[in-house]
Amino acid sequence: MRRTSASLVAGALVAALAWASNPSSTAVALEPSAGVADLTQDLNQILSDSRLTIARAGVVVKSAATGEELYATDAGKLLTPASNTKLFTSAAAVDTLGLDYRFPTTVLSAGRKVGSALTGDLVLRGTGDPTMLAEDYDALAAKVAGAGVKVVTGRLVADDTWFDSQRLGNDWSWDDETAYYAAPISALTASPDRDYDAGSVIVSVAADGDKVKVSTTPETGYLKIVNKATVGSETDVLIERQHATRTVVITGTVKDPYQEWVAVDDPTAYVSSLFRGALARHGVKVLGPTVTGAAPEGAAELAKHESMTLGELLVPFLKLSNNIHAEILTKAMGRKVANQGTWSAGLKVSTDFAKANGVQVINMRDGSGLSRRDGFSPGSIVQLLTAVRNKPWFKTWYEALPIAGNAERFVGGTLRSRMRNTPAANNVHAKTGSLTGVTSLSGYATSAEGEPLIFSIMLNQFLSSSPKDIEDKIAIRLAQFSRTNPTADATQLRATDQGAASDLECSWLKPAEC
């Protein structure tokens, strides 16, 4: 277990007390002090970094206790948020669907049971559950067998009509089509692991004598594997699905085991193959082909699986910045509010929620932030973060945000390696965001005097190395903020042992880095 200093424990306790109090309470306004001027000077110095000379930087800091704006630069400028978009999606989803919302997956009989035969179709119907594993489909198949069904004379019907047929988000880059973080969206999908990377399969390679052995998690024959890799003196291997196909080509050399998360081309077809195989293992033979379509009216339920609650899903979603969760929740909101499981309907729900909570500058093209046409201002993000403090679900949502410097993967999340051994560790709760030339960090910090602060940092169009350390310096400075006592010079704000701030948040860097 990592040893924690007394100062960090004290800081975490102060932060917990500050944010666990009634979010609607307002402290007595404090007189402007030299501490605010000190903060302004230090943040200006941090933002004078040469990497930002040709870039765009928007920063807003606000006191949640007094409502006072402590610092602002380009507060109203429209900037690319990357995964800070998930702040809006997750808040709207919790408010719209509720913390207790679950995704059901059902097996339905569209025929009549005669002895051990089902004379008709067997229907697998999904509603977008991103937490479904191969073992969950196996459990559904076991329930079908347990109901006494041994033969299905009709077809296996995959009903993914809860969502529309648009698989990829608006403006997503074509070269991300095979990447697990841009997997196709379907109401029937499956994850290979308990990070719940829906719509993907883990492809693993290992040296086996003089040959390279390939395996998948879960085991599946859905993908066509073309193995051109050879055993070598180092592992330098490329595992890549060819665009718009099921073919995964493996090239290079393998010494040590290596694995890659690969998006499938069609989640519905992939899930259908998993379920059909599971039925066969449990002694249920389906005579007809696998097709897609809607379950007929009056189809009888044979088996059902329900996901964890949305309140529980917030942890892998926000801690690990899961893009697919964001898009599934977007379509789920559209289905709930407008009976349309589409991006357009769901994005309207998110946008309407944001505007109803005072957000002025907003352009949402997807739920995750993969689109480079997503746009928010740092002032709008701070407005959202301020408004949601009054929501009954705020505490659960706040705790699901990544926590700076906490090494526990499902606590620190995408901030687990950042700001360690600083006043921000176990203090700052914030959402990261990363695209090439884009980084953002927005959330909450507690000052050295226990004052709750809200901030948004958005850095766009930089060309050199990632300026994530600038975000860290600002967050650390906020944790040090005092209205009465001077703070160390800004050049000393970054501790020598904070952990590396890589160019991309760890949600993009499977598997070891996150």
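Residues numbered from 1 in each chain as written. Predicted model: local features only at pLDDT ≥ 70, side-chain atom pairs only at ≥ 80, totals over all residues. Heavy atoms only, no water.

**Observations regarding the packing of helix H6 (residues 310–319) against helix H7 (residues 323–338)**
- Taken N-terminus to C-terminus, the directions of H6 and H7 make an angle of 145 degrees; their axes are 9 Å apart at the nearest point. When the axes of H6 and H7 are compared, the crossing they make is left-handed. Side by side, H6 and H7 meet where Leu-310, Leu-313, Pro-316 and Phe-317 of the first sit next to His-325, Ala-326 and Leu-329 of the second.
- Here the residues of the contact of H6 with H7 are counted per class, giving six nonpolar, one polar and no charged. (Axes fitted to C-alpha atoms, helices over the stretch in contact; angles between N-to-C directions. Helix = DSSP H or I, 4+ residues; strand = E, 2+ residues; numbered from the N terminus. Left-handed = near helix turned anticlockwise from the far one by under 90°. Contact = heavy atoms within 4.5 Å. Nonpolar A, V, L, I, M, F, W, Y, C, P; charged D, E, K, R; others polar.)

**Examining the pattern of salt bridges**
- Taken as a whole, this structure holds 20 salt bridges when the rule is applied.
- The shortest N-O distance in the salt bridge between Glu-135 and Arg-194 comes to 2.9 Å. With Glu-135 in helix H4 (residues 134–146) and Arg-194 in the loop between strand S6 (156–159) and strand S7 (200–208), this pair connects stretches of sequence that are 59 residues apart.
- Residue classification places Glu-135 among the partly exposed positions, given a relative accessible area of 46%.
- Between Asp-472 and Arg-418 there is a salt bridge, with the nearest N and O atoms lying 2.8 Å from each other. Placement of Asp-472 in helix H12 (residues 468–480) and of Arg-418 in the loop between helix H11 (409–412) and strand S19 (429–435) is noted, with a sequence separation of 54 residues between them. Judged on exposure class, the residue Asp-472 and its partner Arg-418 are both buried.
- Several salt bridges converge on common partners, so that one network encompasses Asp-38, Asp-42 and Arg-477. (Salt bridge = Lys/Arg side-chain N within 4 Å of Asp/Glu carboxyl O. Buried < 20%, exposed > 50% of the residue type's maximum accessible area, 1.4 Å probe, protein only.)

**Focus on the sheet that holds strand S1 (residues 56–63)**
- Pairing within the open sheet is antiparallel, and its five strands lie in the order S2-S1-S21-S20-S19. Both outer strands of the open sheet, strand S2 (69–73) and S19, are each paired with one neighbouring strand and no more. Strand after strand, the sheet turns through a mean of 5 degrees between neighbouring axes, direction not considered.
- Direction of pairing for S1 relative to S2: antiparallel, over a ladder of four bridges. Its bridge partner lying in S2, Val-60 is registered against Ala-72. (Pairing = 2+ DSSP bridges.)

**As for the nonpolar core**
- If you look at the biggest cluster of nonpolar residues, it comprises 60 residues, and the most contacted ones within it are Phe-88, Leu-310, Val-388, Trp-397 and Tyr-444.
- Among the elements of the structure, helix H3 (85–97), strand S13 (258–263), H6, H7, helix H8 (343–356), helix H9 (378–387), helix H10 (394–400) and strand S21 (452–460) are those that each provide at least two residues to this core.
- If we skip the residues at most four places from it in the chain, Val-388 touches Ala-91, Phe-353, Trp-393, Phe-394, Trp-397 and Tyr-444.
- Ranked by size, the runner-up nonpolar core spans 38 residues in total, among them Ala-141, Val-149, Tyr-270 and Val-284. (Core = buried A, V, L, I, M, F, W, Y, C linked by side-chain atoms within 4.5 Å.)

**Comments concerning the confidence of the model for the protein chain**
- Summing up the model confidence of the protein chain, the mean pLDDT is 91 and the portion of residues at 70 or higher is 88%.
- A low-confidence stretch, residues 494–501 stays under pLDDT 50, and its non-local contacts, those more than four residues away or across chains, total 21 contacts. (pLDDT = per-residue confidence, 0-100.)

**Let's talk about the packing of H3 against H6**
- At a minimum axis separation of 11 Å, H3 and H6 run at an interaxial angle of 175 degrees. When the axes of H3 and H6 are compared, the pair comes out roughly antiparallel. Contacts between H3 and H6 involve Lys-86, Ser-90, Ala-93, Val-94 and Leu-97 from the former and Leu-310, Leu-314, Phe-317 and Leu-318 from the latter.
- Here the residues of the contact of H3 with H6 are counted per class, giving seven nonpolar, one polar and one charged. (Parallel < 35°, antiparallel > 145°, perpendicular 65-115°, else oblique.)

**Let's talk about the environment of Val-123**
- By the secondary structure assignment, Val-123 is in strand S4 (residues 117–125).
- Considered as a pair, Val-123 and Ala-294 are 171 residues apart in the sequence and their alpha carbons are 8.4 Å apart.
- Each residue touching Val-123, except ones within four places of it in the same chain, is listed here: Thr-106, Val-107, Leu-108, Ala-110, Val-157, Asp-159, Ala-295 and Pro-296.

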